[in-house]
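Each chain, written out:
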Amino acid sequence: MIRLYNSLTQAKEDFVPREEGKAGIYCCGPTVYNLVHIGNARPYVTFAVLRSWLRHRGYAVALVENITDVDDKIIAKASAEGRTSAEVAAEYTAAYHDDMGRLGLELRPDVEPLATETIPEIVDLCRRLVATGHAYEADGSVYFRVRSFPEYGKLSRQRIEDLEEGARVEGEPGKEDPLDFAVWKAAKPGEPAWESPWGMGRPGWHIECSAMGLRYLGAGFDVHGGGRDLIFPHHENEIAQSEAAGLPFARIWMHNGMIRSGGEKMAKSVGNIFLLREVLDRYAPPVVLTYFLTTHYRSPLEFSVDKLDEAKAAYDRLVEAVRTASFRIDHPGDGEPLRADELHAAAAAARDGFAAHMDDDLNTAAALGEVFGLARELFRYVAAADAAGAAVDADALEEAEDAIVAGLDALLIALPDSVSSARDLRAAKGEQACTTENVALPPAARLAEEARWDDLALLYVERLNCGDATYACALRDRYRGEKDWASADKVRDAIQAAGFELRDTPQGTQVVPRG
RNA sequence: GGCGGCGUAGCCAAGUGGUAAGGCAAGGGUCUGCAAAACCCUCAUUCACCGGUUCGACUCCGGUCGCCGCCUCCA
């Protein structure tokens, strides 16, 4: 049973979907007036991982993430730059897709609706609110009457009286009450505008999320997500607008913690932001994912180069474990394999532990801990086999490797291409085709078997230039066997120059692409 | 002032009634022709502080201190 922390009840609850076997998630996406920063990526990643996990658990999931492409800030930017609002929105929508896309295409939401394509639904919602007395028109704008909704404040736990005290005076003379908020704004000259029963105007404040959530997921949908900072007023208002109109809104509210920089929330207004694209220029996407997921999504997360570096070291260790497993499965060694009961047991335990932690409010940090624990067992087993001069149990290694990869896969943390393609190759049980100038070459292993060392020596440099280190490895192993260190080192230099790192194992030279 | 959250080793971070996962860093050792990777050992008698409940609390209750978020656009 999956349990999720619901901000509405401030407790973990069993996840009982509205419709059996299905789950609908709405997550607040960006207002496209600027480049996204690393903080914006946290909910994007969090809810993509939630979707991933729900799918692993057999749910058919729809993840909807809006793009707000009409808004005061966009209009202000357009006006400052002498462009149209639509041009600004288009530019930053494209940039948003570019930047988030680099995190991995499998993270993309299933639906990314635009506010400007949801105008009829928005107008409809406003009309319903006016008809039921929950909203009123003033000078072409429509305001939500906060005091008409008795449950107002149920998410943020704010009492209307308390809000009243702290409320800043809004320069909007048509309001009955300072707490009331616009659901529809009358257009000023030059602003983007659509027809409505109240004249030309545009969506106000936060109504687009109500309209899009209800449009794509329907009343009473399962999960609504976003950053903690949106609880008030954004999410509170979404609830009020929707439910006052007679449409039950989201049942479970999930909020991710803020990314901080210098101990403060990362925010454009604070000026301590790091753009996602800057971070991705320096760190690979799976490293950034690891950085996010080694902390529980509800906790605050400090941004720093040190933390990214640590995430890289952590990620590299996991990759190394998979590499080691892959290599040893292909080169198990001779003789009786070392018994692997403990490794089998560890793999099974890690799988169970991983699932249990993920079920428990998406505890990715603890789940990842299970994966690390299994990696350790895997290394330990290989080291024990080497120490005993024994072969390895390829089945056990494969089981452990699969568990690690399955965990990373569920967390959307990708393996480097070189590692996943090695796994694919093994799965296909195929031999790598070796061709030089369209002439098929025998695999290195066969040349070595037939003791054709001159051929290997002749070809290995050329093969390295094609990114194939198998000839070089076979040759170096031969030299090492003869204790011809000078020749062996010469081949090693060539391998390294071709961009590989070497690992010596009892079963010969293992190469891994550098970087 | 109101609402919410947090405080666990040098750093990061799980745990939340049964005696402290995991990662990084550091030191020592093993393996190794060299190198890399890996392994082993060490690294919180203790979970901000003070009381209380309990056979037993990091975990529950009360209080204190410190930090953060929201109350205004904000992921």
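Here, residues in each chain are numbered from 1, in the same order as that chain's written sequence. The order in which chains are written sets their letters, starting at A; the order in which ligands are written sets their numbers, starting at 1. Where local features are concerned, this predicted model is filtered to residues with pLDDT of at least 70; where side-chain atom pairs are given and counted, the filter is 80 or more; whole-chain, interface and lining totals use all residues. To get the side-chain values, take all heavy atoms of the structure and skip hydrogens and water.

Time to look at the overall build of chain A. Scanning chain A for helices and strands turns up 18 helices and 17 strands. If one aligns the C-alpha atoms of chain A with their principal axes, the spans along those axes are about 90 × 50 × 40 Å. Counting across all 515 residues of chain A, residues that qualify as buried make up 50%. Only heavy atoms matter for contacts: two residues are in contact if any of them lie within 4.5 Å across the pair. Sequence-distant contacts in chain A: of pairs separated by 6 or more residues, those separated by 24 or more amount to 74%. Methods summary: accessible areas were calculated by the Shrake-Rupley approach with a probe of 1.4 Å, and residue burial reflects only the protein chains presented. Counting every atom, chain A has about 22,900 Å² of accessible surface; 50% of that belongs to carbon and sulfur. Across chain A, the 57 positively charged side chains and the 84 negatively charged ones have centroids separated by 2 Å. The secondary structure listing takes helices from DSSP runs of H or I that are at least 4 residues long and strands from runs of E that are at least 2 residues long, numbered from the N terminus. Any residue under 20% of the maximum accessible area for its type is buried, any over 50% is exposed, and the rest in between are partly exposed; the area is computed with a 1.4 Å probe on protein chains only. Here the positive residues are Lys and Arg and the negative ones are Asp and Glu; neither His nor the chain ends is included. Where a charge sits is defined by one atom per residue type, namely NZ (Lys), CZ (Arg), CG (Asp) or CD (Glu).

A strand pair is defined by DSSP finding two or more bridges across the two strands. If you walk across this open sheet you meet the 3 strands as β12-β11-β13, and the pairing is mixed. Across the chains shown, the open sheet's two edge strands, defined by having one partner strand only, are β12 (264–265) and β13 (301–302). Alignment of strand β11 (residues 259–261) against β12, held across 2 bridges, turns out to be antiparallel. Bridging across to β12, Arg260 finds its partner in Lys265.

Moving on, we get to the pattern of salt bridges. Salt bridges are identified by distance alone: a Lys or Arg side-chain nitrogen within 4 Å of an Asp or Glu carboxyl oxygen. A full pass over the atoms with the stated rule returns 43 salt bridges. A salt bridge links Arg202 to Asp72; the nearest nitrogen and oxygen atoms lie 2.8 Å apart. Residue Arg202 is located in strand β8 (residues 201–203), and its partner Asp72 is located in helix α2 (residues 72–81); the two are separated by 130 residues in the primary sequence. Its relative accessible area of 4% is what places Arg202 among the buried residues. Take Asp72: its relative accessible area is 37%, and that puts it in the partly exposed class. For Glu176, the salt bridge goes to Arg145, with nearest N and O atoms at 2.7 Å. Of this pair, Glu176 sits in the loop between α5 (160–166) and β7 (181–186) while Arg145 sits in the loop between β6 (141–144) and α5; the two residues are 31 residues apart in sequence, bridging distant segments of the chain. Bridged by salt links that share partners, the residues Glu398, Glu401, Asp402, Arg423 and Arg426 form one connected network.

What follows covers the environment of Asp468. Following the sequence through the fold, Asp468 ends up in the loop between α16 (453–465) and α17 (470–481). Residue Asp468 is classed as buried on the basis of its relative accessible area of 4%. Residues Asp468 and Ala444, spaced 24 residues apart in sequence, show a C-alpha to C-alpha distance of 9.9 Å.

Note on definitions: the grid is 1 Å and covers protein atoms alone; a cavity is a set of points where a 1.4 Å probe fits but cannot get out; a pocket is an open set with protein on both sides within 12 Å along at least five of seven lines; lining residues have an atom within 4 Å of a point. Grid points are joined across faces, edges and corners, and a volume is the space filled by probe spheres set on the points. Within this model, the second largest pocket holds a volume of roughly 1,200 Å³. What lines the second largest pocket is a set of 46 residues, and nearest its centre among them are Thr31, Asn40, Lys73, Asp229 and Leu230. Breaking the lining of the second largest pocket down by element, the ones donating at least two residues are α1 (38–56), α2, α3 (85–102), β8, α6 (207–217), β9 (223–227) and α7 (231–244). The element best represented in the lining of the second largest pocket is α1, accounting for 4 residues.

So, about the side chain of Thr68. The residue Thr68 is located in the loop between β4 (60–65) and α2 in this model. Taking relative accessible area as the criterion, Thr68 reaches 4% and is therefore assigned buried. Two N or O atoms count as a polar contact when they lie within 3.5 Å, although within protein this holds only if one can serve as hydrogen donor and the other as acceptor, and sequence-adjacent residues are included solely when both atoms are side-chain atoms. A distance of 2.9 Å separates the side chain of Thr68 from the side chain of Asn66, its partner in a polar contact. If sequence neighbours within four positions are ignored, Thr68 has contacts with Pro30, Thr31, Val32, Ile74, Ala115 and Glu208.

This paragraph deals with the domain arrangement of chain A. Considered domain by domain, chain A is made up of domain 1 (18–273), domain 2 (302–428) and domain 3 (435–513). If you average the C-alpha positions of domain 1 and of domain 3, the two centres end up 58 Å apart. Either an automatic procedure or a domain database provided the assignment from which the domain bounds are taken.

Neighbouring residues are identified by heavy atoms, a residue being near a molecule or strand if any of them is within 4 Å of it. Neighbouring RNA strand B are 59 residues, the closest being Gly227, Leu230, Lys265, Arg380 and Arg492. Of all RNA strand B atoms lying within 4 Å of any protein atom, the proportion belonging to sugar or phosphate reaches 67%. In the model, a sugar or linking oxygen of RNA strand B is placed 2.6 Å from a nitrogen or oxygen of the Lys73 side chain. Take Ile259: an N or O atom from its main chain is 2.7 Å from a base nitrogen of RNA strand B. With 8 residues, the single largest contributor to the surface near RNA strand B is helix α12 (residues 364–388). Each residue belonging to the surface near RNA strand B can be placed in one class, and the counts come to 18 nonpolar, 19 polar and 22 charged. Here the nonpolar group is Ala, Val, Leu, Ile, Met, Phe, Trp, Tyr, Cys and Pro; Asp, Glu, Lys and Arg are the charged ones; every other residue, Gly included, is treated as polar.

A separate point is unusual backbone geometry. A negative phi angle characterises most non-glycine residues, just as the trans form characterises most peptide bonds. In the segment running from Phe232 into Pro233, the intervening peptide bond is cis, with an omega of 0 degrees. Within the element layout of this structure, Pro233 appears in helix α7. A positive phi angle is found at Gln10, which is not glycine, with a value near 55 degrees. Take Gln10: it is sitting in the loop between β1 (3–6) and β2 (11–14).

It is worth spelling out the packing of aromatic side chains at this point. Planes of paired rings set the category: under 30 degrees apart is stacked, over 60 is edge-to-face and the rest tilted, where pairs are Phe, Tyr or Trp rings (Trp by its six-membered ring) whose centres lie within 6.5 Å. Evaluation of the coordinates by the stated rule reveals 13 aromatic pairs. When the ring of Phe15 is compared with that of Tyr59, the centres are 5.4 Å apart and the planes differ by 75 degrees; the resulting orientation is edge-to-face. Pair noted here: Phe15 is in the loop between β2 and β3 (22–27) and Tyr59 is in the loop between α1 and β4, with a separation of 44 residues, a long-range link. The two residues Phe15 and Tyr59 agree in class, both being buried. Following the ring pairs from residue to residue traces out a cluster consisting of Tyr26, Phe221, Phe249 and Trp253. For a ring to carry a charge above it, either NZ of a lysine or CZ of an arginine must fall within 6 Å of the ring centroid while also lying within 35 degrees of the normal to the ring plane. Sitting over the ring of Tyr5, Arg298 keeps its end group 4.0 Å from the ring centre. We note Arg463 situated over the ring of Tyr471; from NZ or CZ to the ring centre the distance is 5.9 Å.

On to the pairing of strand β5 (residues 135–138), then. When β5 meets β6, the two strands line up antiparallel, connected through 4 bridges. Across the sheet, Tyr136 pairs through a bridge with Tyr143, a residue of β6. Hairpin connection, β5 to β6: the antiparallel pair is bridged by 2 residues, and Asp139 has positive phi, about 55 degrees.

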